[in-house]
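Analysis of the macromolecular model
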Amino acid sequence: MKTNKRKKIWVGKKKELQVLDALYKIISDASKEMVGYPASLVFDYSILLRFLKYHINNIGDPYENSGYYKINTLNIEKRVIDRFAELFHAPKNNYWGYVTNGGTEGNLYGMYVAREQHPRGILYYSDQTHYSVIKNLRLLKMPSCVVKSQPNGEIDYKKLRAILLDNKSKATPILFANIGTTMKGAIDDILKFHEILSSLHIDKYYIHCDAACFGMILPFLPDKQTKHFDFRANIDSMAISGHKVIGTPMPCGVVLLKKSHAEKIGNFIEYVGTSDRTISGSRNGLTPLFLWHEMIYSSEGKFKKKIRDCLKNAQYAVEQFRKVGIQAWHNPNSIIVIFPRPSEKIVRKWQLAVEGDLAHMITLPHVTHRLIDRVIKEISLDKKSAKKL
Ligand SMILES: *Cc1c(COP(=O)(O)O)cnc(C)c1O
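Notes on the structure in this doc start here. All figures in this text were calculated on a predicted structure; none of them were measured in a lab. (Residues numbered from 1 in each chain as written. Predicted model: local features only at pLDDT ≥ 70, side-chain atom pairs only at ≥ 80, totals over all residues. Heavy atoms only, no water.)

This part is about the pattern of salt bridges. Overall, the coordinates contain 21 salt bridges when judged by the stated rule. One connected set of salt bridges, linked through shared partners, spans Glu33, Lys349, Arg374 and Glu378. (Salt bridge = Lys/Arg side-chain N within 4 Å of Asp/Glu carboxyl O.)

Rendered as structure tokens:
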């Protein structure tokens, strides 16, 4: 009886192991054919493996290191935020931030802070803004205005000006800027935002930058080559994703804002001995380690080269598409290559992101020339066979 019982358990485990093996194969195979979504698949965090044995929880405010829960990486998180603050020229001694679950949480936080400052403010965003803004607006019950975008994905400044003028007497404008739109990789011009605001004599406003994807590209390019997109352009808050260009095994990101804004949020909680300023209570303590590994431990030169290669590969993809007669393009400083939407079979196989009659691929480090060639060849063959039918 006893042995039977043991055997049964063992058989069960073996079956479960097979489930894991099968899942592992699906994931590793799918990772070889993913070119459409913004997640870099090239990274090696093996030196951090031993930390997986512990429950690491960064509950609370990273800048208040006095909480009772000691199994945390708050010191590393602080160093990561300091590094991001330096990259984005946040005002010295007046910035605050934390490591989030990704771009959406960073945007939610920026909008939350904006609403707390301007409870009756109206949020303006372009029709190319990431879908998370709609959900965040609902959560925060904020009034908003959608502004049309130009064909390249950038906001239409004339239309923005006209709407701001119309609403001028109503409420404080909260401007949501796209620093790299999700579909077309277009960058809104913050200096133009300021020009519009000052021409309308609006001196009370809030600017949040959604730099989820391009936040980890633009700081590594020469200043002259990029638009003003960071705290030097007098913005209030910014969201950046960690898993997109940096690449991490789990989603993460950073939110960065002026400290004076953050100070108006959060209460001291006796139970944990720290301020509850973040959106989640318990927070991932592993993700700051990954960001530390790439942004502090690894060399900046290596990262800069990675960005240069990604941009070159975007150019390469556009050229290869054009060679087979497919009109592809990308915005300046963008690794998002846009082309006509191919068949559903191709979209599914290569995990392409699509919108209407457009599709895109993102030339992150795992999207090599070889992979680009394979995708374009298949799209081109598929197009030809569709024509014959
Ligand atoms: C990816 C992305 C988001 C959302 O980020 P998550 O990390 O997926 O939550 C928001 N805005 C832009 C521009 C993005 O590219």
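Turning to the packing of aromatic side chains, a few remarks are in order. The final tally for this structure, using the stated rule, is 12 aromatic pairs. Centre to centre, the rings of tyrosine 45 and phenylalanine 290 are 4.7 Å apart; their planes meet at 50°, and the pair counts as tilted. One end of the pair, tyrosine 45, is in the loop between helix 1 (2–30) and helix 2 (74–87); the other, phenylalanine 290, is in helix 8 (residues 287–297), and 245 residues separate them in sequence. Taken individually, tyrosine 45 and phenylalanine 290 each receive the classification buried, so the pair is uniform in this respect. Taking the centre distance of 5.9 Å and the plane angle of 85° together, the rings of tyrosine 109 and tyrosine 112 count as edge-to-face. A residue pair is termed a helical-turn pair when its members lie 3 or 4 positions apart in one helix, as tyrosine 109 and tyrosine 112 do in helix 3 (residues 103–117) at 3 residues. (Phe/Tyr/Trp six-rings, centres within 6.5 Å; stacked < 30°, edge-to-face > 60°. Helix = DSSP H or I, 4+ residues; strand = E, 2+ residues; numbered from the N terminus. Buried < 20%, exposed > 50% of the residue type's maximum accessible area, 1.4 Å probe, protein only.)

Glancing now at the sheet that holds strand 11 (residues 353–355). Reading across the sheet, the 3 strands line up as 10-12-11 and stay open at both edges, with antiparallel pairing between neighbours. Strands at the two margins of the open sheet, each flanked by one partner only, are strand 10 (336–340) and strand 11. Going from strand to strand, the sheet's axes swing by 30° on average, the running direction of each strand aside. Of the strand pairs in this sheet, strand 10 and strand 12 (residues 358–362) are connected by 5 bridges, and their pairing is antiparallel. Counterpart to proline 340 in the pairing with strand 12 is leucine 358. (Pairing = 2+ DSSP bridges. Axes fitted to C-alpha atoms, helices over the stretch in contact; angles between N-to-C directions.)

In an α-helix, one turn spans 3.6 residues; hence positions three or four apart end up facing the same way. Burial of helix 8 is extensive: 9 of the 11 residues sit out of reach of the surface. If you check which residues of helix 8 are buried, you get Thr287, Pro288, Leu289, Phe290, Leu291, Trp292, His293, Glu294 and Met295. Buried residues along helix 8 sit against helix 2, strand 1 (95–100), strand 7 (253–258) and helix 9 (300–323). (Contact = heavy atoms within 4.5 Å.)

Bringing the site of the ligand into the picture now. As a matter of local geometry, the ligand sits amid Gly102, Gly103, Thr104, Asn107, His130, Gly180, Thr182, Asp210, Ala212, Ser241, His243 and Lys244. Residue threonine 104 places a side-chain N or O atom 2.7 Å away from an oxygen atom belonging to the ligand. Separating an oxygen atom of the ligand from a side-chain N or O atom of serine 241 is a distance of 3.0 Å. Starting from 380 Å² of accessible surface for the ligand in isolation, the protein chains cover 87%. Because more than half of its atoms lie within 2 Å of the grid, the ligand is assigned to the largest cavity. Of all the elements, helix 3 adds the most residues to the shell around the ligand, at 3 residues. (Near = heavy atom within 4 Å. Polar contact = N/O pair within 3.5 Å; in protein donor to acceptor, adjacent residues only side chain to side chain. Areas by Shrake-Rupley, 256 points an atom, 1.4 Å probe, with all protein chains shown as cover. 1 Å grid on protein atoms, 1.4 Å probe; cavity = no way out; pocket = protein on both sides within 12 Å on 5 of 7 lines; lining within 4 Å. Sits in = over half its atoms within 2 Å of the grid points.)

Quantified by volume, the largest pocket comes out at close to 560 Å³. Lining the largest pocket are 27 residues, and of these Pro38, His130, Tyr131, Thr182 and Lys244 sit closest to its centre. Taken together, the elements giving at least two residues each to the lining of the largest pocket come down to helix 3 and strand 11. Of the voids in this model, the second largest pocket is the one considered here, and its volume is about 230 Å³. What lines the second largest pocket is simply Tyr24, Ile27, Ser28, Ala30, Ser31, Met34, Leu41 and Gln351. (Points joined across faces, edges and corners; volume = space filled by probe spheres on them.)

The next thing to look at is the environment of histidine 366. With respect to the helices and strands, the residue histidine 366 is situated in the loop between strand 12 and helix 11 (369–388). When its relative accessible area of 12% is taken as the criterion, histidine 366 is described as buried. Sequence separation of histidine 366 and histidine 261 is 105 residues, and the distance between their C-alpha atoms is 38 Å. Apart from the residues lying within four places of it in its own chain, the contact partners of histidine 366 are Met34, Ala39, Ser40, Leu41, Val42 and Leu371. Looking at histidine 366, its side chain comes within polar contact range of the main-chain oxygen of methionine 34, at 3.0 Å.

Moving on, we get to the pairing of strand 5 (residues 206–210). Regular strands place side chains that alternate from one sheet face to the opposite one. Most of strand 5 is tucked away, with 5 of its 5 residues classed as buried. Of the two faces of strand 5, the one carrying Tyr206, His208 and Asp210 and the one carrying Ile207 and Cys209 are both buried. In this view, the connection linking strand 4 (residues 173–178) to its parallel neighbour strand 5 by way of helix 6 (residues 190–199) has right-handed handedness. Looking at chain direction, strand 5 and strand 6 (residues 237–241) are connected through 3 bridges and run parallel. (Right-handed = clockwise from strand over helix to strand, strands pointing away.)

Now for the sheet that holds strand 4. Read across the open sheet, the 7 strands follow the order 1-7-6-5-4-2-3; overall the sheet is mixed. Two strands in the sheet have a free side with no partner beyond their single neighbour: strand 1 and strand 3 (144–147). Each strand of the sheet is rotated relative to its neighbour by a mean of 15°, with strand direction disregarded. With 3 bridges joining them, strand 2 (residues 122–126) and strand 4 adopt parallel strand pairing. Each bridged residue has a counterpart across the sheet, and for isoleucine 122 the counterpart in strand 4 is proline 173.

We now examine helix 9. Taking 1.5 Å as the rise per residue, helix 9 with 24 residues should run 34 Å; its terminal C-alpha atoms sit 35 Å apart, in good agreement. Among all positions of helix 9, only Phe303, Lys306, Ile307, Cys310, Leu311, Asn313, Ala314, Tyr316, Ala317, Val318, Gln320 and Phe321 are buried. On its buried face, helix 9 is in contact with helix 8, strand 10, strand 12 and helix 11. Where helix 9 ends, the next residue or the one after it, glycine 325, has phi of about 80°, a positive value. (Expected span 1.5 Å × (residues − 1).)

A few words now on empty space enclosed by the protein. Counted under the stated rule, the structure contains 3 cavities of 30 Å³ or more. As a volume, the largest cavity reaches approximately 110 Å³. The wall of the largest cavity is formed by Pro38, His130, Asn178, Gly180, Thr181, Thr182, Asp210, Ala212, Cys213, Lys244, Ile336 and Ile362. Among the residues making up the lining of the largest cavity, the classes are represented as 5 nonpolar, 5 polar and 2 charged. By volume, the second largest cavity is sized at about 70 Å³. Forming the boundary of the second largest cavity are Asn57, Asn58, Ile59, Asp61, Glu64, Gly67, Tyr68, Tyr69, Asn72, Leu74, Val272 and Thr274. (Nonpolar A, V, L, I, M, F, W, Y, C, P; charged D, E, K, R; others polar.)

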